[in-house]
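Commentary on secondary and tertiary structure
The chain contents come next:
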Amino acid sequence: ADERQTKLHIQVLNNMAHFQDDKFNEDLHDCIEYFYELNMEDPVIGEFFYDIDLIKLKKQQNEFIRAALGKRNIYSGKNMRQSHVHLKITDAHFDALMSNLKQALEDKNCFEPEFIEDFLLRVEGFRADIVNA
């Protein structure tokens, strides 16, 4: 676990170096756009994305990803439990979202391949706060 944490820390630092890079910002934007396209088209979770402010949600997703990469004090949204408590999200819903996130990250090449697995594990850590049904 210590070696994995060290590798993750190195990847975070490498990705943080690109935060000000226009190409990284464009790639991250494209990845988030694609992620929400996948979510909206998904038969399991698409209904959650119909009547919401997608511009605000995408902005918060961008902040969340950057915060997950170690950029402190950037995420301004509610905590995960507060944000999702009214949605009645099941494990199947969360699994579909994780699958879409993985596909978006892989298809858009936003991060190094070995970092995607570690990043997804970080997001998986929010399951208990998000799943509530």
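All of the points below concern the structure found in this document. (Residues numbered from 1 in each chain as written. Predicted model: local features only at pLDDT ≥ 70, side-chain atom pairs only at ≥ 80, totals over all residues. Heavy atoms only, no water.)

**A few points about the overall build of the chain**
- Broken down by element type, the chain carries seven helices and zero strands.
- The order of α-helices and β-strands along the chain, N terminus first, is α-α-α-α-α-α-α.
- Long-range contacts, defined as pairs at least 24 residues apart, comprise 74% of the intrachain contacts of the chain with a sequence gap of at least 6.
- For the chain, the exposed surface amounts to about 8,200 Å²; the carbon and sulfur share of it is 50%. (Helix = DSSP H or I, 4+ residues; strand = E, 2+ residues; numbered from the N terminus. Contact = heavy atoms within 4.5 Å. Areas by Shrake-Rupley, 256 points an atom, 1.4 Å probe, with all protein chains shown as cover.)

**Let's talk about unusual backbone geometry**
- One non-glycine residue, Lys88, lies in the positive phi region at around 55°.
- Relative to the helices and strands, Lys88 is located in the loop between helix 4 (80-84) and helix 5 (91-108).
- A relative accessible area of 54% places Lys88 in the exposed class. (Buried < 20%, exposed > 50% of the residue type's maximum accessible area, 1.4 Å probe, protein only.)

**Quick notes on the pattern of salt bridges**
- Within this structure, the stated rule accounts for six salt bridges.
- Residue Asp129 pairs with Arg81 through a salt bridge whose shortest N-O separation is 2.7 Å. In this pair, Asp129 sits in helix 7 (residues 127-130) while Arg81 sits in helix 4, placing the two residues 48 residues apart along the sequence.
- In this structure Asp129 comes out as partly exposed when scored by relative accessible area, which is 26%.
- Between Arg127 and Asp91 there is a salt bridge, and its shortest N-O distance comes to 2.8 Å. Highlighted residues: Arg127 in helix 7 and Asp91 in helix 5, separated in sequence by 36 residues. (Salt bridge = Lys/Arg side-chain N within 4 Å of Asp/Glu carboxyl O.)

**Description of helix 3 (residues 54-68)**
- When the terminal C-alpha atoms of helix 3 are compared, their 20 Å separation across 15 residues agrees well with the 21 Å that a helix rising 1.5 Å per residue should span.
- Restricting attention to buried positions, one finds in helix 3 the residues Leu54, Lys58, Gln61, Glu63, Phe64, Ile65, Arg66 and Ala68.
- Measuring from the side-chain oxygen of the N-cap residue of helix 3 to the backbone nitrogen of Ile55 gives 3.2 Å; that N-cap residue is Asp53. (Expected span 1.5 Å × (residues − 1). Polar contact = N/O pair within 3.5 Å; in protein donor to acceptor, adjacent residues only side chain to side chain.)

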